[in-house]
Amino acid sequence: MIRILLFVLALIVLFCSYYLIKKPAGFLVLFSQEDQEDALSFLRQFGYLYAFLGIIGLVIGVIDHRAYSMIYLVALLVIAAVFALMMGAKTKKS
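Residues numbered from 1 in each chain as written. Predicted model: local features only at pLDDT ≥ 70, side-chain atom pairs only at ≥ 80, totals over all residues. Heavy atoms only, no water.

How would you explain helix H1 (residues 2–22) if you had to name every residue and give the values?
End to end, H1 covers 30 Å across 21 residues, agreeing with the expected 30 Å (1.5 Å per residue, within 8%). Residues of H1 that are buried include every one of Leu6, Ala10, Val13, Ser17, Leu20 and Ile21, and no others. Mapping the buried residues of H1 onto a view down its axis gives an arc of 90°, with all of them on the same face. Exposed residues on H1 whose side chains face more than 90 degrees from its buried face are Ile4, Leu5, Leu11, Phe15 and Lys22. Those residues of H1 that are buried lie in contact with helix H2 (25–28), helix H3 (36–63) and helix H4 (66–90). (Helix = DSSP H or I, 4+ residues; strand = E, 2+ residues; numbered from the N terminus. Expected span 1.5 Å × (residues − 1). Buried < 20%, exposed > 50% of the residue type's maximum accessible area, 1.4 Å probe, protein only. Arc of directions from axis to C-beta. Contact = heavy atoms within 4.5 Å.)

Have a look at this one:
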């Protein structure tokens, strides 16, 4: 059961990475007009990081080792928290 959930989580992370890399226009409205280029590189950077984490998640799902799964989940949560904090700091103030 945990393997299935790990695969589902990895697929969700891969979907998020695709959205950040290929379709960042939905997020660009949150940034000021002057910071659009910086915001685009910021979103793509985290998109590639999420793609890497998604692929690692698929590999860990195949390996099916509890310690690696827990380390992966902690790393994914930390990266997601860093992304949220950095994006919150970069968004325009209204």
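Got a sec to walk through the environment of Val13? Specific residues and values, please.
Positionally, Val13 belongs in helix H1. Taking the C-alpha atoms as reference, Val13 lies 13 Å from Phe83; in sequence the two are 70 residues apart. Setting aside residues up to four positions removed in sequence, Val13 forms contacts with Tyr50, Leu53, Gly54, Tyr72 and Leu76.

So what's going on with the pattern of salt bridges? Residues and values would help.
Side-chain pairs of opposite charge can arise where the charged atoms are in close proximity. Applying the stated criterion across every chain, the model contains one salt bridge. Among the ionic pairs, Lys90 bridges to Asp38, the shortest N-O distance being 3.5 Å. In this pair, Lys90 sits in helix H4 while Asp38 sits in helix H3, placing the two residues 52 residues apart along the sequence. (Salt bridge = Lys/Arg side-chain N within 4 Å of Asp/Glu carboxyl O.)

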